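Residues per chain, in single letters:
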Amino acid sequence: MSIESLSRRQLAAYAAFAVPLAMAALPVYVHVPKLYGDTLGIPLAVVGMVLLLARLFDALQDPLLGYFSDRCAGLPAGRRLPIIIGVPFLAVGFVALFHPPQANAAGLAIWLGASLLIVYVGFSMASISYLALGAELSTDYHQRTRVTATRGAFGLFGVLVAAAAPLVLAGNSEADGLALFALMFLPMLGIAAFITLRHAPRPVTKVSEPGPALSAMLNPLRNPGFRWLLAVFVVSGIAGAVPGTLILFFVQDVLRRPDFAGLFLALYFLSGAAGMPLWIAASRRLGKKRAWVCAMFVAIGAFIWAYFLGPGDVIGFAAVCALSGIAYGAELAIPASMLADVVDGEAGQERQRPDGVYFGLWQMTEKMNLAVAAGIALPLLGFLGYQPGTDQPKGGLLSVSYALLPCAIKLAAALLLWAAPLDEQQLKRRIPKREGVQT
């Protein structure tokens with residue numbers, strides 16, 4: 001069954017699971033550093049180190065979980081089995097993360113690390129198989145972008161819920177809102193998982209039987225298209241991870257309007273959803289690579305503006321959120337679609353696809369970006385004297401770290417992508433060659 005024969009109901013059934021995955025990801029990556037480093041009082045350097053170690057573990061497990069997904073693909077339950085296994089781990093760890101006990105800083109740091117490990121095992125096991133399942137729903141170059149865009153749109157809805165709900169549910173503190181949100185998350189996770197597992201369409205492609213674990217997990221690196229795409233994704237991902245880690249600190253201490261934090265996040269993700277049809281159309285007209293380059297320059301323009309903002313610049317930062325959010329829509333729709341195209345370089349004409357190991361390495365890279373951002377940016381700011389909750393000057397250290405540094409990294413990513421041989425015709429020419437890749 002190709003994407004043309006999929007009904008909207010079937011696409012929605014597949015995309016439903018993206019909602020709770022996105023709901024889980026935003027609080028873990030955005031709210032946890034501030035919750036444990038500011039509200040609960042763990043030293044910022046300790047929080048950064050715990051996040052770095054936990055995210056390194058999370059990243060390093062992904063290739064193995066991708067291999068496990070490929071092993072499961074030949075079973076009757078297919079890639080649905082890792083999703084079924086992962087959901088309970090995600091549920092338990094997420095609730096624990098936002099319901100910390102009364103303890104000293106050392107005890108809270110241990111609780112943070114343990115909760116994150118449980119969350120990461122469940123999230124990664126489920127999400128890798130889910131992404132691989134989506135890559136196998138279509139064999140058409142442009143229609144794959146519709147699959148990823150639909151998934152991205154549902155994911156943005158989950159992000160919007162995660163951005164707004166803690167603020168709405170908050171009583172005396174932000175921590176109260178996050179604790180209630182974690183409980184609200186449980187039924188939504190169960191319902192969405194059931195919809196996707198029960199009603200999502202079956203893959204149209206076959207999955208090759210993976211060989212020995214280590215060889216299979218490293219096999220994608222023999223694919224030249226994947227190496228190029230991964231290099232771009234690394235650089236671009238770091239550029240996005242740094243402001244993602246620092247945004248709440250920037251809003252609180254530079255803009256000095258923490259009451260607008262939820263609205264800024266909501267505007268960012270709403271703009272991403274609004275911009276997604278634009279990037280789908282642009283990818284058809286310009287090609288996926290050129291459309292992604294254009295999105296990178298939109299993001300650069302937005303974040304340069306952020307550097308010049310100071311106390312009370314709510315409207316100016318809202319514009320930054322809107323423009324960078326539009327650019328983010330391309331990040332959701334295009335790279336994963338390009339990855340599915342790149343896997344064709346290994347699958348060849350037999351249509352046998354080891355998507356699990358590809359998405360395992362892909363997700364590992366995404367998490368390494370986040371680990372680098374948290375493990376370097378937060379301790380570095382602490383070393384240079386920044387204390388959360390203290391007013392920061394316009395154009396100061398926090399502004400440089402939040403705005404200018406990501407712009408420089410994103411520019412490098414745009415130049416690398418422009419040089420990469422990832423146009424549609426270049427990818428299609430590579431399919432029969434398969435450069436020594438095992439099948």
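Residues numbered from 1 in each chain as written. Predicted model: local features only at pLDDT ≥ 70, side-chain atom pairs only at ≥ 80, totals over all residues. Heavy atoms only, no water.

### Remarks on the overall build of the protein
Then, in step 1: When helices and strands are counted, the protein shows 15 helices and zero strands.
Then, in step 2: Here the protein, with 439 residues, has 57% of them falling under the buried criterion.
Then, in step 3: Sequence separation of 24 or more characterises 84% of the internal contacts of the protein that already satisfy a separation of 6 or more.
Then, in step 4: Of the roughly 16,800 Å² that the protein leaves accessible, carbon and sulfur atoms contribute 68%. (Helix = DSSP H or I, 4+ residues; strand = E, 2+ residues; numbered from the N terminus. Buried < 20%, exposed > 50% of the residue type's maximum accessible area, 1.4 Å probe, protein only. Contact = heavy atoms within 4.5 Å. Areas by Shrake-Rupley, 256 points an atom, 1.4 Å probe, with all protein chains shown as cover.)

### Details of helix H10 (residues 261-286)
Then, in step 1: For H10, built from 26 residues, the straight-helix expectation of 38 Å at 1.5 Å per residue is met to within 8% by its first-to-last C-alpha distance of 35 Å.
Then, in step 2: Of all the bends in H10, the largest measures some 35 degrees and sits at Gly-275, one to four residues before the proline Pro-277.
Then, in step 3: With its phi angle positive at about 95 degrees, Gly-287 sits one or two positions after the end of H10. (Expected span 1.5 Å × (residues − 1). Bend = angle between axes of the 7 residues up to and from the residue.)

### Some points on the environment of Asp-313
Then, in step 1: Here Asp-313 shows up in the loop between helix H11 (288-307) and helix H12 (314-347).
Then, in step 2: As for Asp-313 and Leu-255, which are separated by 58 residues in sequence, their C-alpha atoms are 6.2 Å apart.
Then, in step 3: Among the polar contacts listed, one links the side chain of Asp-313 to the backbone nitrogen of Gly-310, at a separation of 2.6 Å. (Polar contact = N/O pair within 3.5 Å; in protein donor to acceptor, adjacent residues only side chain to side chain.)

### Quick notes on the environment of Ser-236
Then, in step 1: Structurally, Ser-236 can be placed in helix H9 (residues 224-253).
Then, in step 2: What makes Ser-236 buried here is its relative accessible area of 3%.
Then, in step 3: Measuring from C-alpha to C-alpha, the distance between Ser-236 and Ile-409 comes to 7.0 Å, with 173 residues separating the pair along the chain.
Then, in step 4: At 2.8 Å, the side chain of Ser-236 forms a polar contact with the side chain of Lys-410.

### Focus: the pattern of salt bridges
Then, in step 1: For the coordinates displayed, the defined rule picks out three salt bridges.
Then, in step 2: A salt bridge links Arg-79 to Asp-70; the shortest N-O distance between them is 2.9 Å. For the pair formed by Arg-79 and Asp-70, the shared burial category is buried.
Then, in step 3: Between Lys-410 and Glu-331 there is a salt bridge, and its shortest N-O distance comes to 3.3 Å. With Lys-410 in helix H14 (residues 397-419) and Glu-331 in helix H12, the pair connects residues that are 79 residues apart, well separated along the chain. (Salt bridge = Lys/Arg side-chain N within 4 Å of Asp/Glu carboxyl O.)

### Notes on the side chain of Ser-69
Then, in step 1: In this fold, Ser-69 is placed in helix H3 (residues 44-73).
Then, in step 2: If sequence neighbours within four positions are ignored, Ser-69 has contacts with Arg-79, Pro-82, Ser-129 and Gly-356.

### Here's the deal with the packing of helix H2 (residues 18-39) against helix H4 (residues 80-97)
Then, in step 1: Between H2 and H4, whose axes approach to 11 Å, the crossing angle comes to 30 degrees. Here H4 runs roughly parallel to H2, going by the angle between their axes. In the packing of H2 onto H4, the handedness of the crossing is left-handed. Taken together, the residues of H4 that come into contact with H2 (itself represented by Leu-21, Met-23, Ala-24, Pro-27, Val-28, Val-32 and Tyr-36) are Leu-90, Phe-94 and Leu-97. (Axes fitted to C-alpha atoms, helices over the stretch in contact; angles between N-to-C directions. Parallel < 35°, antiparallel > 145°, perpendicular 65-115°, else oblique. Left-handed = near helix turned anticlockwise from the far one by under 90°.)

### Describing the side chain of Ser-399
Then, in step 1: By secondary structure assignment, the location of Ser-399 is in helix H14.
Then, in step 2: In contact with Ser-399, not counting residues within four places along its chain, are Phe-250, Val-254, Tyr-307, Pro-393 and Leu-404.

### Re H11
Think of an α-helix as 3.6 residues a turn; residues three or four steps apart then line up on the same face.
Then, in step 1: Its 20 residues place the ends of H11 30 Å apart at the C-alpha level, agreeing with the 28 Å of an ideal helix rising 1.5 Å per residue.
Then, in step 2: Residues of H11 that are buried include every one of Lys-288, Lys-289, Ala-291, Trp-292, Val-293, Ala-295, Met-296, Ala-299, Ile-300, Ala-302, Phe-303 and Ala-306, and no others.

### Here's the deal with a nonpolar patch on the surface
Then, in step 1: Judged by side-chain polarity, Val-298, Ile-304, Trp-305, Phe-308 and Leu-323 come together as a nonpolar surface patch covering roughly 430 Å² of accessible area.
Then, in step 2: The biggest single contributor to the nonpolar patch is H11, with three residues. (Patch = residues over 30% accessible without salt bridge, like charges linked within 9 Å, V, L, I, M, F, W, Y side chains within 5 Å.)

### Re unusual backbone geometry
Then, in step 1: Backbone geometry places Arg-256, a non-glycine residue, at a positive phi of 60 degrees.
Then, in step 2: Assessed through its relative accessible area of 34%, Arg-256 is described here as partly exposed.

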